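The chain contents come next:
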Amino acid sequence: DNMPNIRTYTNFILIKIPISLIILVCVFSIWPIPTTNAQSGITLESHTVISEFPKGIRFNVITSGQSNIIEIKMRFSKGSSNTSSYGYLEFEESTQVNGEYFLRTSTGNTYIPPGTSLTYHFEITDSNDNILITEPQVFIYEDTRFNWEDITEGPITILFHGPIETRATLVGKAMIETLDNMGPLLGADITEPIRVNLYNNSVEMLKALPPRSETIRTELVTEGMAFPDIGMLLVLASGTRAKGTASHELTHILVHRATKDAFLPIPAWLNE
(Lines give C-alpha, C1' and ligand atoms only; values in the text may rest on other atoms or scores of the structure.)
Protein backbone atom coordinates (compact mmCIF):
# COMPACT_ATOMS: atom_id res chain seq x y z
CA ASP A 1 0.00 0.00 0.00
CA ASN A 2 2.90 2.38 0.60
CA MET A 3 4.38 1.90 -2.88
CA PRO A 4 3.22 4.38 -5.53
CA ASN A 5 1.05 2.79 -8.20
CA ILE A 6 2.08 4.15 -11.60
CA ARG A 7 -0.76 4.07 -14.14
CA THR A 8 -2.31 5.88 -17.07
CA TYR A 9 -5.35 8.10 -16.81
CA THR A 10 -7.53 10.57 -18.66
CA ASN A 11 -11.07 11.98 -18.58
CA PHE A 12 -13.69 10.72 -21.01
CA ILE A 13 -17.41 11.04 -21.56
CA LEU A 14 -19.24 7.70 -21.23
CA ILE A 15 -16.52 6.00 -23.29
CA LYS A 16 -13.91 3.45 -22.25
CA ILE A 17 -10.44 4.06 -23.68
CA PRO A 18 -7.81 1.27 -23.88
CA ILE A 19 -5.24 1.73 -21.16
CA SER A 20 -2.40 1.69 -23.70
CA LEU A 21 -3.73 4.85 -25.34
CA ILE A 22 -4.01 6.99 -22.24
CA ILE A 23 -1.39 9.56 -21.17
CA LEU A 24 0.46 9.26 -17.85
CA VAL A 25 -0.63 12.27 -15.80
CA CYS A 26 -2.08 11.41 -12.42
CA VAL A 27 -0.68 8.93 -9.95
CA PHE A 28 2.82 9.62 -11.24
CA SER A 29 3.20 12.83 -13.25
CA ILE A 30 6.42 13.76 -15.04
CA TRP A 31 6.98 17.15 -16.65
CA PRO A 32 10.41 17.05 -18.38
CA ILE A 33 10.00 20.08 -20.67
CA PRO A 34 12.18 22.92 -19.34
CA THR A 35 10.51 26.16 -18.31
CA THR A 36 12.75 29.21 -18.57
CA ASN A 37 12.43 32.91 -17.85
CA ALA A 38 15.16 34.62 -19.89
CA GLN A 39 15.13 37.70 -17.67
CA SER A 40 15.53 35.69 -14.47
CA GLY A 41 18.11 33.25 -15.81
CA ILE A 42 16.29 30.45 -13.98
CA THR A 43 15.23 27.19 -15.66
CA LEU A 44 12.87 24.52 -14.35
CA GLU A 45 14.54 21.42 -15.82
CA SER A 46 11.86 18.91 -14.75
CA HIS A 47 9.57 17.94 -11.92
CA THR A 48 7.64 14.89 -10.73
CA VAL A 49 4.54 14.44 -8.60
CA ILE A 50 3.76 11.09 -6.93
CA SER A 51 0.67 10.02 -5.00
CA GLU A 52 1.70 8.10 -1.87
CA PHE A 53 -1.85 7.50 -0.66
CA PRO A 54 -2.91 7.69 2.11
CA LYS A 55 0.09 9.53 3.54
CA GLY A 56 0.50 12.32 1.01
CA ILE A 57 1.87 13.66 -2.26
CA ARG A 58 5.58 13.99 -3.07
CA PHE A 59 6.85 16.83 -5.27
CA ASN A 60 10.35 16.81 -6.73
CA VAL A 61 11.91 19.65 -8.76
CA ILE A 62 15.18 19.96 -10.66
CA THR A 63 16.00 23.57 -11.45
CA SER A 64 19.05 25.66 -12.34
CA GLY A 65 20.05 29.32 -12.52
CA GLN A 66 22.90 31.65 -13.29
CA SER A 67 23.00 32.44 -9.55
CA ASN A 68 22.36 30.18 -6.57
CA ILE A 69 18.77 28.98 -6.18
CA ILE A 70 17.78 29.97 -2.63
CA GLU A 71 14.04 29.23 -2.47
CA ILE A 72 11.43 27.04 -4.20
CA LYS A 73 7.84 27.60 -3.14
CA MET A 74 5.06 25.25 -4.26
CA ARG A 75 1.66 27.00 -4.26
CA PHE A 76 -1.52 24.94 -4.73
CA SER A 77 -5.32 24.98 -4.51
CA LYS A 78 -7.66 22.02 -4.05
CA GLY A 79 -10.56 21.21 -6.37
CA SER A 80 -12.88 24.15 -6.97
CA SER A 81 -11.55 26.11 -3.99
CA ASN A 82 -10.25 29.62 -4.64
CA THR A 83 -8.06 29.45 -1.52
CA SER A 84 -4.40 28.65 -2.09
CA SER A 85 -1.82 27.14 0.24
CA TYR A 86 1.92 26.76 -0.12
CA GLY A 87 4.95 24.84 1.05
CA TYR A 88 8.72 25.15 0.64
CA LEU A 89 10.88 22.51 -1.03
CA GLU A 90 13.99 21.31 0.78
CA PHE A 91 17.39 21.48 -0.97
CA GLU A 92 20.94 22.76 -0.64
CA GLU A 93 21.60 26.12 -2.30
CA SER A 94 23.47 25.87 -5.59
CA THR A 95 23.19 26.89 -9.22
CA GLN A 96 21.52 23.52 -9.88
CA VAL A 97 19.35 21.94 -7.22
CA ASN A 98 17.07 18.98 -6.67
CA GLY A 99 14.29 20.03 -4.29
CA GLU A 100 11.63 17.93 -2.58
CA TYR A 101 8.40 18.66 -0.74
CA PHE A 102 6.01 16.16 0.86
CA LEU A 103 2.42 17.37 1.16
CA ARG A 104 0.80 15.41 3.97
CA THR A 105 -2.83 14.38 3.42
CA SER A 106 -3.52 12.00 6.30
CA THR A 107 -3.94 14.13 9.45
CA GLY A 108 -6.94 16.07 10.68
CA ASN A 109 -5.55 19.42 9.56
CA THR A 110 -3.97 18.25 6.32
CA TYR A 111 -6.51 15.68 5.09
CA ILE A 112 -7.30 15.70 1.37
CA PRO A 113 -9.88 13.23 0.02
CA PRO A 114 -8.64 10.90 -2.72
CA GLY A 115 -9.82 11.89 -6.17
CA THR A 116 -9.21 15.58 -5.50
CA SER A 117 -7.60 17.64 -8.24
CA LEU A 118 -4.74 19.92 -7.21
CA THR A 119 -3.76 22.95 -9.28
CA TYR A 120 -0.19 23.95 -8.46
CA HIS A 121 2.80 25.95 -9.64
CA PHE A 122 6.33 26.71 -8.44
CA GLU A 123 7.90 30.05 -7.53
CA ILE A 124 11.70 29.75 -7.80
CA THR A 125 13.98 32.48 -6.43
CA ASP A 126 17.74 32.97 -6.80
CA SER A 127 20.26 34.91 -4.72
CA ASN A 128 19.80 38.02 -6.90
CA ASP A 129 16.05 38.07 -6.17
CA ASN A 130 15.18 36.87 -9.67
CA ILE A 131 11.97 34.82 -9.68
CA LEU A 132 10.61 32.20 -12.07
CA ILE A 133 6.87 31.50 -11.70
CA THR A 134 5.92 28.34 -13.59
CA GLU A 135 2.67 27.71 -15.45
CA PRO A 136 -0.12 26.02 -13.42
CA GLN A 137 -0.41 22.23 -13.65
CA VAL A 138 -3.16 19.86 -12.48
CA PHE A 139 -2.57 16.65 -10.54
CA ILE A 140 -5.20 14.14 -9.39
CA TYR A 141 -4.50 12.75 -5.92
CA GLU A 142 -5.53 9.13 -6.38
CA ASP A 143 -6.12 6.21 -4.07
CA THR A 144 -3.27 4.06 -5.40
CA ARG A 145 -4.77 0.78 -4.20
CA PHE A 146 -6.98 0.60 -7.29
CA ASN A 147 -6.89 1.24 -11.04
CA TRP A 148 -9.46 3.97 -11.57
CA GLU A 149 -11.63 4.77 -14.55
CA ASP A 150 -13.92 7.75 -14.90
CA ILE A 151 -17.15 8.89 -16.51
CA THR A 152 -17.89 12.56 -17.09
CA GLU A 153 -21.35 13.97 -17.68
CA GLY A 154 -21.65 17.76 -17.65
CA PRO A 155 -19.70 19.09 -14.65
CA ILE A 156 -19.86 15.72 -12.85
CA THR A 157 -16.89 13.31 -12.98
CA ILE A 158 -17.42 9.88 -11.42
CA LEU A 159 -14.29 7.88 -10.56
CA PHE A 160 -14.77 4.14 -10.12
CA HIS A 161 -12.92 0.84 -10.33
CA GLY A 162 -13.95 -2.71 -11.02
CA PRO A 163 -17.16 -3.92 -12.71
CA ILE A 164 -19.46 -1.10 -11.60
CA GLU A 165 -19.54 1.10 -14.70
CA THR A 166 -23.32 0.75 -15.00
CA ARG A 167 -23.82 1.84 -11.41
CA ALA A 168 -21.37 4.72 -11.86
CA THR A 169 -23.37 5.87 -14.90
CA LEU A 170 -26.65 5.72 -12.96
CA VAL A 171 -25.12 7.69 -10.07
CA GLY A 172 -23.88 10.31 -12.52
CA LYS A 173 -27.32 10.68 -14.14
CA ALA A 174 -28.98 11.00 -10.72
CA MET A 175 -26.54 13.74 -9.79
CA ILE A 176 -27.18 15.64 -13.04
CA GLU A 177 -30.91 15.50 -12.26
CA THR A 178 -30.20 16.84 -8.78
CA LEU A 179 -28.12 19.67 -10.24
CA ASP A 180 -30.91 20.61 -12.64
CA ASN A 181 -33.57 20.55 -9.91
CA MET A 182 -31.77 21.92 -6.86
CA GLY A 183 -29.33 24.34 -8.49
CA PRO A 184 -31.98 26.85 -9.67
CA LEU A 185 -34.01 26.35 -6.48
CA LEU A 186 -31.05 27.29 -4.28
CA GLY A 187 -29.55 29.81 -6.67
CA ALA A 188 -26.31 27.83 -6.72
CA ASP A 189 -23.69 27.56 -9.44
CA ILE A 190 -24.13 24.29 -11.34
CA THR A 191 -21.27 24.76 -13.81
CA GLU A 192 -18.30 24.32 -11.45
CA PRO A 193 -16.78 20.81 -11.65
CA ILE A 194 -17.70 18.20 -9.04
CA ARG A 195 -15.72 14.99 -8.60
CA VAL A 196 -16.98 11.77 -7.00
CA ASN A 197 -14.95 8.80 -5.81
CA LEU A 198 -17.11 5.64 -5.76
CA TYR A 199 -15.97 2.82 -3.47
CA ASN A 200 -17.27 -0.70 -3.95
CA ASN A 201 -17.61 -1.56 -0.25
CA SER A 202 -17.17 -0.08 3.21
CA VAL A 203 -13.80 -1.78 3.78
CA GLU A 204 -12.36 -0.02 0.73
CA MET A 205 -13.87 3.31 1.72
CA LEU A 206 -12.64 3.16 5.31
CA LYS A 207 -9.06 4.02 4.42
CA ALA A 208 -10.17 6.98 2.29
CA LEU A 209 -12.15 8.73 5.03
CA PRO A 210 -10.78 11.52 7.24
CA PRO A 211 -8.85 10.30 10.31
CA ARG A 212 -11.09 9.63 13.30
CA SER A 213 -10.98 7.34 16.32
CA GLU A 214 -10.59 3.68 15.41
CA THR A 215 -13.89 2.78 17.13
CA ILE A 216 -15.88 5.25 15.05
CA ARG A 217 -14.13 4.22 11.84
CA THR A 218 -14.83 0.50 12.31
CA GLU A 219 -18.31 0.58 13.87
CA LEU A 220 -19.94 3.32 11.78
CA VAL A 221 -20.54 2.69 8.08
CA THR A 222 -20.21 5.93 6.15
CA GLU A 223 -22.29 5.86 2.95
CA GLY A 224 -21.26 9.29 1.72
CA MET A 225 -19.26 12.38 2.63
CA ALA A 226 -19.18 15.81 1.01
CA PHE A 227 -16.31 18.28 0.93
CA PRO A 228 -18.22 21.36 -0.28
CA ASP A 229 -15.33 23.81 -0.31
CA ILE A 230 -13.43 21.75 -2.90
CA GLY A 231 -16.37 20.19 -4.79
CA MET A 232 -15.52 16.58 -3.88
CA LEU A 233 -17.63 13.60 -2.75
CA LEU A 234 -16.83 10.13 -1.41
CA VAL A 235 -19.74 7.70 -1.99
CA LEU A 236 -20.28 4.04 -1.14
CA ALA A 237 -21.46 2.33 -4.33
CA SER A 238 -22.74 -0.89 -2.74
CA GLY A 239 -26.34 -1.26 -1.64
CA THR A 240 -29.51 0.30 -3.03
CA ARG A 241 -29.01 3.85 -1.76
CA ALA A 242 -25.97 4.93 -3.78
CA LYS A 243 -27.96 7.26 -6.07
CA GLY A 244 -29.81 8.83 -3.14
CA THR A 245 -26.62 9.20 -1.12
CA ALA A 246 -24.80 10.86 -4.01
CA SER A 247 -27.71 13.27 -4.58
CA HIS A 248 -27.89 14.09 -0.87
CA GLU A 249 -24.17 14.80 -0.61
CA LEU A 250 -24.25 16.80 -3.84
CA THR A 251 -26.92 19.03 -2.32
CA HIS A 252 -24.51 19.90 0.50
CA ILE A 253 -22.16 21.29 -2.16
CA LEU A 254 -24.98 23.29 -3.74
CA VAL A 255 -26.04 24.69 -0.36
CA HIS A 256 -22.42 25.70 0.30
CA ARG A 257 -22.18 27.45 -3.07
CA ALA A 258 -25.47 29.27 -2.51
CA THR A 259 -24.53 30.48 0.98
CA LYS A 260 -20.73 30.87 0.88
CA ASP A 261 -20.98 34.67 0.91
CA ALA A 262 -23.58 34.77 3.70
CA PHE A 263 -22.81 36.77 6.84
CA LEU A 264 -23.48 33.68 9.00
CA PRO A 265 -23.36 29.99 8.02
CA ILE A 266 -26.66 28.13 7.97
CA PRO A 267 -27.25 25.78 10.95
CA ALA A 268 -26.07 22.19 10.56
CA TRP A 269 -29.57 20.82 11.17
CA LEU A 270 -30.97 22.91 8.31
CA ASN A 271 -28.12 21.89 6.03
CA GLU A 272 -29.04 18.25 6.62
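Whatever comes next refers back to the structure up there.
Summarised in this report is the structure supplied together with it. Worth saying up front: this structure is predicted, and the values here are computed from it rather than measured.

1. Notes on the overall build of the protein
Scanning the protein for helices and strands turns up 5 helices and 14 strands. Considering the protein as a whole, with its 272 residues, one finds that 48% of them fall into the buried category. Within the protein, counting contacts between residues at least 6 apart in sequence, those at least 24 apart form 60% of the total. Within the structure as shown, the protein displays about 13,800 Å² of accessible surface, and the carbon and sulfur contribution to it stands at 54%.

2. Points about helix α1 (residues 165-186)
If you check α1, its first and last C-alpha atoms are 30 Å apart, about what 22 residues at 1.5 Å a residue would give, namely 32 Å. Of all bends in α1, the biggest is about 25 degrees, found at L179. Taken from the residues just after α1, G187 is the one with a positive phi, measuring 75 degrees.

3. Observations concerning the sheet that holds strand β10 (residues 149-153)
Whether parallel or antiparallel, the strands of a sheet pair through hydrogen bonds between backbone atoms. Spatial ordering of the open sheet is given by β10-β11-β12-β14-β13, a layout of 5 strands whose pairing is mixed. The strands lining the two open edges of the sheet, one partner per strand, are β10 and β13 (224-227). The mean angle between the axes of side-by-side strands here comes to 15 degrees, regardless of whether they run parallel or antiparallel. Both strand β11 (residues 156-160) and strand β12 (residues 194-199) contribute to a ladder of 4 bridges, which runs parallel. Residue pairing in the sheet places T157 in a bridge with R195 of β12. Here α1 sits on the sheet in contact with β10, β11, β12 and β14 (232-236), set at roughly 155 degrees to β11.

4. Brief notes about the pattern of salt bridges
Within the structure shown, the criterion is met by 6 salt bridges. With its nearest N and O atoms 2.7 Å apart, the salt bridge here joins R58 to E52. Taking the relative accessible area as the measure of exposure, R58 reaches 24% and is therefore partly exposed. On the accessibility criterion, E52 (17% relative accessible area) is buried. Where D143 meets R145, a salt bridge forms, and the shortest distance between an N and an O atom there is 2.6 Å. Residues participating in the shared-partner salt-bridge network are E52, R58 and E100.

5. Considering the environment of V255
Mapping V255 onto the fold places it in helix α4 (residues 242-259). Judged by relative accessible area, which is 12%, V255 ranks as buried. With 69 residues separating them along the chain, V255 and L186 place their C-alpha atoms 6.9 Å apart. In this structure, V255 is in contact with L186, I266 and N271, ignoring residues within four places of it in sequence.

So, how was this worked out
- Residues numbered from 1 in each chain as written.
- Predicted model: local features only at pLDDT ≥ 70, side-chain atom pairs only at ≥ 80, totals over all residues.
- Heavy atoms only, no water.
- Helix = DSSP H or I, 4+ residues; strand = E, 2+ residues; numbered from the N terminus.
- Buried < 20%, exposed > 50% of the residue type's maximum accessible area, 1.4 Å probe, protein only.
- Contact = heavy atoms within 4.5 Å.
- Areas by Shrake-Rupley, 256 points an atom, 1.4 Å probe, with all protein chains shown as cover.
- Expected span 1.5 Å × (residues − 1).
- Bend = angle between axes of the 7 residues up to and from the residue.
- Pairing = 2+ DSSP bridges.
- Axes fitted to C-alpha atoms, helices over the stretch in contact; angles between N-to-C directions.
- Salt bridge = Lys/Arg side-chain N within 4 Å of Asp/Glu carboxyl O.

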